[in-house]
Every structure is written in C-alpha cells, then in structure tokens.
Amino acid sequence: MKKLIQIFLLLLITSSLFADNKQLIQYVDPMIGTDGHAHTFPGATLPFGMVQLSPSNDFKAWDWCSGYHYSDSILKGFAHTHISGAGLAGLGDILLMPTLGEIKVKAGTEENPDSGFRSRFSHDREEASAGYYAVVLDDYNVKVELTCTPRVGFHRYTFNTAGQGNVIFDPTHNIMENVQETEIEILSDKEVRGWKHCNGEGGDRKVYFYAKFSKSFEQSGVAIDDKIQADTKKASAKRVKAFVSFDVSSGETVDVKVALSHVSYEGAKANFDAEAKGVSFKKVLRKAQHLWEEKMNKFHIETHQLSDKRNFYTALYHSMISPNLISDVSGEYMVEGKKYHSDFDQYSNFSTWDTYRAVHPLMAIVEQEKTVDFVNSLSSRYTESKVGLPVWECLGHDNVCMIGYSTVSVMTDAILKDIEGIDNQATYDAMKAAAFNLEKHSNSYDVNGMNFYIDMDFVPGEIGSSVSKTTEYNYYDWCLSQVAHKLGKTDDASLFLQRSKGYRNLFDEESGYLLPKLQNGKLVNVDKSKWDGLVKNYVSGNIWGYSSYVPHDMAYLMQLHGGKKKFASWLDTIFADDSEIGGSQHVDISGFIGKYGHGDEPSHQMPYLYVYAGQPWKTQKLVREILPRFYHDHPAGLDNNDDLGQMSSWYIFGSLGFYPVCPGSNQYQIGSPAYQKASINLENGKVFSVVANNNSKKNIYIQSAKLNGKEFTKPFITYDQIKHGGKLVFEMGSKPNKKWGNAKADLADLNGIKPSEAYKLHEEKQVLMPYVNDITFSFEKRKTVELLCGTKGAEIRYTIDGSEPEVNSKKYQNPIVINEDATIKAKAFKPGLKESGSLLLHYLKGIPFNPQTGYPKVKVEGNDIGYGEKSGAQLIDGGFGSTTFNDGFWTGIDLKDLHVDIDLGESKSICEVKPGILIYPGAWIFNPDEIEVYISNDQENYQLVKTISMESPKDERRYVTRPAIEFPSVNCRYLRVTFKNGPIPDWHMAGGRKHWIFVDEILIN
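Residues numbered from 1 in each chain as written. Predicted model: local features only at pLDDT ≥ 70, side-chain atom pairs only at ≥ 80, totals over all residues. Heavy atoms only, no water.

We now examine the nonpolar core. Ranked by internal contacts, the top residues of the largest apolar core, which has 229 residues, are Phe78, Phe169, Phe213, Tyr405 and Phe658. With nine residues, helix H11 (residues 466-486) is the single largest residue contributor to this core. Apart from the residues lying within four places of it in its own chain, the contact partners of Phe169 are Leu95, Leu96, Ile184, Val192, Phe209, Ala211, Phe213, Lys241, Ala242 and Val244. Core analysis: the second largest hydrophobic core is formed by 30 residues, Ile876, Leu898, Met950 and Val977 among them. (Core = buried A, V, L, I, M, F, W, Y, C linked by side-chain atoms within 4.5 Å. Buried < 20%, exposed > 50% of the residue type's maximum accessible area, 1.4 Å probe, protein only. Helix = DSSP H or I, 4+ residues; strand = E, 2+ residues; numbered from the N terminus. Contact = heavy atoms within 4.5 Å.)

Structure, rendered in structure tokens:
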C-alpha cells in the first residue's frame, strides 16, 4: 500500500510539472543565493521597483553586501533598500524593528543581542517567495510579514504574546555607508516621517520616508545617540532613532506602511497616497504576486526536474529585480544630488559592466517597454543632467567602481532591435560622448587610459587592467560603429570600426594570449603561475576570459591564432588547465572548469566560442556541464555574485539553448537546450518555442534541427527569427553530430563579420616611449641610467627638475649618472610622428637588494599578507609601486598591523628608513596610524629607535607618500619596522573600521 501511495504521488508530481499551471511563482525561491558569495537578499520587492524590503544586518564582511547572509541567526531589523547580488556594499535605508516589552533604542551587538533590540531567529520559521517575506523573531515571539508596491514597503507584525508592542525606527542603519545626519518627526499618533543623509556607493544622498500605522500608539519618542529625549517629537542629528509603542493582545496584528522618496518629504507622502492609501496588506500582497506571476509567464518550460523549474524561475526573478525605479509619482528624481523632472519612469542601479552581457539582452526580448525606460534614463544623464553616461550608477550616482562605457552596449542593442520609443540621435550623442570621456576613472582599476586609447586604439600596459580596458573599449566602439552606420554617419562608423580593432596590437603569437603592451612597444610576458601580475593587467586577473573577449571580431581573432582548428585547440587547453596559481586570487573569479571562471562575467561568452570555430558540440557539452554544476536550488546555489542578475540571466539563456555572445549583433549562438520544451511569450503576442526531442542528461548533443518545419543548420538564431515567433526543434542524442552547425556557409554569417584587410599596428602614428632595461630604482651610492627608444631615428629629450620634456630640452646622448634622489622625465621625438608619451623615473637612495649576496632579506607573517608575495620580498626588490594597488609591487595586509623584519647581512650604520605608503581611500587603503622602527644585532633583543605618527587623509584623493623616519646614526644588522593599523576616519563610508595597509619599497640609509 505504501509503495502504491508513493507511485501515485510521483505520478501526481510529474503530471503537475507538465500541466499548464499558471502559478509559476511557486517555483521562485528568493533564498537561493543568500548563502555563499552570491549576495542576493530574500526580502519583498517588485520587478524593477524602488523598494527592496528585506531583513538587514550590519556589514560584517564581503558576504553581507546585500545586508543579509544565510549564516545569520540574529536579525537587526528590516530595511527598505538593498542591492541584489552585487560585489559592492551599500544602501540599507530606513530600518524598522518590532519588539515586545522594554523599549530599547540601542541595536546591541550580535554577540549579545539582549543588549539591544536585535533578535534571534531560525530559518525553520522563515519564508520567502516572490513579493513576500516572513520570519518569526524568537526573542519577541513576533511574526513579521513583508510585501510592497513599487515605492512603499508594507509591514505586518503579529504579536503572539500580549504586552507592550514597540516599533523602532532606525535611519542610521546602513550597509557600509557613512551616515552624516538623520531626522525623525512624530507627526501624530499614527504617522512618522524622517530622512537619512549619507555617503557611500550611492553618493552623497538623502532618502525620505513617510510611515503610517494601522493602530494608534500610546507612546512615542525620539532618541539622539541612543538617549531618549524627553517631551521631544522631532530631532535632527547624526544618530537619531525613534520608537512607537502600543498595548497588544495575543495574536493581534499591527500594520505599517512606509513610503520612500529620494527627493523630498512631499515626494514620500505623494508616493504613499498614490500606492498605499486605503490599501490593505493582503491586497498589496495579491497584487505583488500577480505582477510577479505575469513576469514568470513570459516563459514556460517543460522538464522532468523540479529543481530545473526552481532554478529557472528564480533566475528569472533575480534577472528582473534591477535596474530600480528612482523617480516619484510626480516624476521628480535625483541625479548626483540635483533634482530633475521626467515624463517617464527613471531608473538607476545600472551595473552594466556585468549586465550588458545577458540581463539587458534578455530584457530586450521580453521587456521592451522597460528597456525603453532604461535606455532613455541613461540617455538623460547626458541630455538632461549633463553628467554623461555612468560606469556603475547607484541611485543616480556614478560610483565608477568598474571600467569602460558599457552602457553603450545596452543602448546599441535596443537601437539595432528597432525598439520603439528611443530617440536614436540623442542616444547616439550620449554614447559618442562617453567614448571620448577622459575623466571617469575607476576607484579600483586605475585611470581609464582613454587619452592613450584615442591615439593608439589600445590602453598601454603602464595603466592598470590595460588588456581588459582595451578589449571592452574595442567592443563598445564596435557597437558605436553599428549605430553610426544605421544613422548614416559614415565617418563615425569608420572611425569607431577602426578603434574596435586595437586588441590586435596585444596579441602574442607564441601563447595566443592578449598581453599588456607598454608605450615603448614591448609586450609584457605575464607570469600565469601567479595571480599578482594577472590581477594588475586584467580585471579579476582573468587573462583567459579577456584574451578571448573579442565578440565583435571573432573571425580575425581566430585568424590570428592560425585558424579555427588552432583557436579551438587553444580553448581546449584553457578548459583543461587545472594547474594551481600562487598569490592572492581575486574574489570575483571562481566557478572553474580548467581556467574558465564562470563566476567572472568576462568569461561568460567562452563556452560559446567553439561555435565560431566550427565545433559547436563542444559548446553543447560545456553548457550542459555548467548549468547543473554552478546552479542549484538551495541558498548556496550560485557560485559567485549574481551581479544584479547577470549570473541568473546566463542561466536563462543557457537553459533555453542560445546565448548573445555579441549584444548588438542581433544573433544568439546556439548551445544545448536543457528542457524538453521552452516557450517565450513575447510582448507582440507571438510565441517562440524551443523543443528538444529525446533530451536527457546523456542526450546533450544536437543531431539535427528544424525552424518552423524547415531544416535548420546554422549554429545561431537571430532576433528577427525570435521576434516573429515560431518553433525551433532539435533532435538530441548522446554523441556529437560533428556535421551539424559547422558547414562553411553556415558559419560565414556569424556576426556578419569576415576576416578582411591586414590591420596596421599603431607604432607609425606615434613615437614609442623611451624606456630603461634596469628597473631597480633604489641605489646605495650612485646610479647610471641608460635611456632607450624603439623608434628608429627618434631623439630622446629629458629633464631632471620635474618639468615636462620638450623638443628643446636637454638631448640624451650618454648615460645619466645620479648620486642623490632624482626624478627623470623623458620623451622621444621624430619629425612626422606624434611625440611619445612621457617616461617618469623616480630614483631614491637606499640599500638595494643584492642578488649576489641575497641581502637584504625580509620576513613578514606570510599568512596574513593579502596582496603581494607572501614572503614580503617585494618590500626590498628595488621596484616602486604606483598609485594602483594591484600593479604588482605592493605588499598589503587587511585589518592587522604589518610587522617587517629585515636582515642587512652585516652590521651597517643607518640613520633613516623611508617606506612607501599607498593612500587609496576608494579601496579602503589608508596609512598606518604609527610606524615604529626597532634595531637589533642578535635578532632577539630589539631596541625602539623611532616612532612617527601619520595623519589620516581627509578626502578620497589617492597618492603615494614616503615618510622619512630619521634617527641618530646607529650600527645594526637587523631592523623591525611595524606599521600599526588604526580606524578609518569618520568621513569615509567605512569610518571606524580597520583598513588595508599597503607598503612598498622600504628604503634604508
């Protein structure tokens, strides 16, 4: 009998999976991605809404970027804004927390939650679904339920124990922001309003709220610095909180609606009146669920696996959380601290370096009305607010945390799909301006290098992440060339097409990799056995993804490799390379198959590149391996940051069976569909379906295909084929059909690009920069400097007074001899060519490392070193670091003091120590509070000879400082230099936290 029941249940479940079940939101699990490193949040939100109402904690470490992590067992409260899946931390605006009994306005600590209003909770009594979140606060026996409209958060608190119920308002709560001022006002016995002024990833901003309760409160009050102010109903200060209290019976519910505005009190109240006035919690919840159901119904999949449905529809849910609404119902919104008015909904939270690859191409298929608002929002940053296209925009502020002008891809894809409602000319003007912007520099990846790129079509290797910048810029310029061509701008189309080919300068024939190229014309042979050089030259150190990231010029890239077969073999070696790499790995590159890192976006196209090489069966195999390997239906189900839906959108495309390798080309490269059938319900009323007959875990290879009943042999489909609806049917099998999808005629039209003219490198446009072969810049007594230039017939001119060399400056004829600290600047000139870039050389006196003797020797606590050689060898190697922390020269430690022991090899008379210190507030790198110098002759008994204090920086400026620590001359063999960590200054978003200390060459005189 028991067995019969089990069989009946199995049949029931199986039939339900294939039934036309309209309740697709049952498969959405917002808890997926809340564990591990995915950084999603579980709370209530609507598609692209302003409110993300979710449990929120203080920022404890990188995995709390969204304010919540599944490892939590303590909650601080429920805040109204969060970022989904990002690698950066921010927001956490306007936190509310219900309590029972004694009024506590202090949050307390996680170690001792009883010291404040925090509460313990259990995942067993926690529930999350599309548009809804619920949890029981164990300390108060209060059930919290959350839902929302686009601009209003709805809270329902059920007090399961009678007593005094309280709700704490905490606008000081933040996720790694610097709160500058807050205000709260008790308006009546049901209404509270306030604001928070802060600075962080969303810039210098204010957020306003208006809250209204369903029950009158008997008590209320405000607190400043956690001290309740008697007979006070309004307060403004850096740390203002408030409470309201009422008597509750067992099982009684109290509702509170909280409207947000990033503009004003009036905006918050207007948003409330438009979306929350007279509306019940249940009605809003039903509407939220209905809206999410509509979004889920854009896709229908048929599969035997329940986990497939949970993964798919949760991925779709995560893909539609951002970008986020920032305008009020009045049309008012804020950009860079200034107020504007819009006739359409304005959006922000554009993580386009991630999302242009799959999220926006997905939206361009199924959310065209929203895509119009997204593109027009971006265009208005140029036409209305005059700040230019953002790099990474959070709530109207460009924090420039990434590289490039990636919004160009999003805008191009929409224009070339002829999506109606976009002003093509205004959009193009904004895009073109971004392609010449010399000012937007990443706070993590060095200056943009656009001044060099405009002249050379590539970013030189002296600049951080130069290869990544080159390949990204090249692709964006190809996008611009396509739009220019569409608009009849022939000269622009030619200009940007030429610029799009600059990566060819970086190709290394021997290895097949794109390598950094210096201004002196030399390729830098990057050591792939260590992360240090990789992180310097490629975002996330991802040499493999970026060496293959030429989506617009794949035919020529393969030609550089020697043809399709050789290119495919090169890919094979990457996917099979399991060698270990030493040094500090970047957190964003993970999910490895060989050296392919699925957790890093620039690699996302790599599995589909076999399609271009005429070996699509390898793409089919890889895609079907990646889907179950890196996506699971549990909290740790995503391998790395979801990055506002990019990882999730990759899953959507991958499981459907095609992927947009080159957004803007209107082509999608075919992989291997994961389901028996998948249908896309388009906004024009048409349906496009993908059917995979005989599909299974083993039958992953395409044997043949038909599109609308006709034989289909191309390894890609087009946007028009999808837009017009139809059916793409695959016959699947367990062995590759190596004849399908690789015929010459079928490959010829991939991206519409064919290898054509030989491409001239750009040395002929500009004189190569002078260089030196000896890169040891410290010396004990004297130094001979020999300048060289790779351009024949060029003349080198130089200065030693810090001024910029000119054509009439001193001519270099013989090696330069120096015996004191010196700065040499040099340029090369040749008639008919543009002058070279300026070579800058700093030489400083100090005992250099002697490779013959092996001294000085250095020792640090290697396990604590987060950047650089674990041995600390870079501290005395003679090379000087730049203002970029990942340039390969710095030694970095986080949160702790840095202790450096130096053995001179013999007793020497010393009187000065000069360490290089990096100040880089944008990356949380600050100077040590103090530096102590000790000496010893026996390596046991150390004597303190000097302590200096260092003043913290007062702004975001980054620079290198080299304090001279002088003391009376002493004889010693051993030194110990201690760099003491202290708190980050209060003006910074991480104020009060300990920080990174980065030290470079320690010079000893």
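Moving on from the model shown.
Moving on to the sheet that holds strand E10 (residues 152-159). Judged by pairing direction, the sheet is antiparallel, and its nine strands sit side by side in the order E7-E8-E9-E10-E19-E14-E13-E12-E17 without closing on themselves. Both edges of this open sheet fall to strand E7 (126-129) and strand E17 (234-237), since each of them pairs with a single strand only. Between one strand and the next, the sheet's axes are offset by a mean angle of 15°, whatever the strand orientation. Note that strand E12 (residues 178-186) and strand E13 (residues 191-200) share eight bridges and pair antiparallel. Within E13, the residue paired with Ile184 across the bridge is Gly194. This element, helix H2 (residues 265-275), spans E10, E12, E13, strand E14 (203-213) and strand E19 (252-261) of the sheet and lies at about 125° to E19. Its contacts with the sheet place helix H3 (residues 281-296) against strand E8 (132-137), strand E9 (142-148), E10 and E19, and it is angled at close to 55° to E9. (Pairing = 2+ DSSP bridges. Axes fitted to C-alpha atoms, helices over the stretch in contact; angles between N-to-C directions.)

Space left empty within the atom packing is revealed by a probe, the size of a water molecule, rolled over the atoms. Counted according to the given criterion, the structure contains six cavities of 30 Å³ or more. Counted as a void, the second largest cavity has a volume near 90 Å³. In this structure, the second largest cavity is lined by Trp531, Asp532, Val535, Ser584, Tyr867, Gly868, Phe885, Asn886, Asp887, Gly888, Phe889 and Trp890. In terms of residue count, helix H13 (residues 531-537) provides more of the lining of the second largest cavity than any other element does, three residues in total. Residues belonging to the lining of the second largest cavity are distributed by class as follows: six nonpolar, four polar and two charged. (1 Å grid on protein atoms, 1.4 Å probe; cavity = no way out; pocket = protein on both sides within 12 Å on 5 of 7 lines; lining within 4 Å. Points joined across faces, edges and corners; volume = space filled by probe spheres on them. Nonpolar A, V, L, I, M, F, W, Y, C, P; charged D, E, K, R; others polar.)

Moving on to a positive patch on the surface. Together, Lys282, Lys283, Arg286 and Lys287 make up a region of like positive charge exposed at the surface. As for its position among the elements, Lys282 is in helix H3. (Patch = residues over 30% accessible without salt bridge, like charges linked within 9 Å, V, L, I, M, F, W, Y side chains within 5 Å. Areas by Shrake-Rupley, 256 points an atom, 1.4 Å probe, with all protein chains shown as cover. Salt bridge = Lys/Arg side-chain N within 4 Å of Asp/Glu carboxyl O. Lys, Arg positive; Asp, Glu negative; His and termini not counted. Charge placed at Lys NZ, Arg CZ, Asp CG, Glu CD.)

So, about H3. In this model H3 runs 22 Å from its N-terminal to its C-terminal C-alpha over 16 residues, within 8% of the 22 Å that 1.5 Å per residue would give. All buried positions along H3 are accounted for by Phe281, Val284, Leu285, Ala288, Trp292, Glu293, Lys295 and Met296. (Expected span 1.5 Å × (residues − 1).)

Here we come to the packing of aromatic side chains. All chains considered together, the criterion is met by 52 aromatic pairs. Geometrically, the ring pair formed by Phe59 and Trp924 is edge-to-face, given 6.2 Å between the ring centres and 90° between the ring planes. On the criterion of sequence distance, the pair formed by Phe59 in the loop between strand E2 (52-56) and strand E3 (74-75) and Trp924 in the loop between strand E47 (898-919) and strand E48 (930-936) is long-range, its members being 865 residues apart. Owing to a relative accessible area of 17%, Phe59 belongs among the buried residues under this scheme. Residue Trp924 is classed as buried on the basis of its relative accessible area of 18%. Ring geometry for Phe575 and Tyr610: centres 6.0 Å apart, planes at 35°, overall tilted. With Phe575 in helix H16 (residues 564-576) and Tyr610 in helix H17 (residues 609-612), this residue pair connects regions lying 35 residues apart in the sequence. Tyr610 carries the same exposure label as Phe575, and that label is buried. (Phe/Tyr/Trp six-rings, centres within 6.5 Å; stacked < 30°, edge-to-face > 60°.)

With that settled, the discussion passes to helix H19 (residues 646-656). Given 3.6 residues per helical turn, the α-helix brings residues three or four places apart onto the same face. Most of H19 is tucked away: eleven of the eleven residues are buried. Every buried residue belonging to H19 is among Gln646, Met647, Ser648, Ser649, Trp650, Tyr651, Ile652, Phe653, Gly654, Ser655 and Leu656, and all of these are buried. Within two residues after H19, Gly657 carries a phi angle of roughly 115°, on the positive side.

From the geometry alone we can't say anything about function, so treat these as descriptive.
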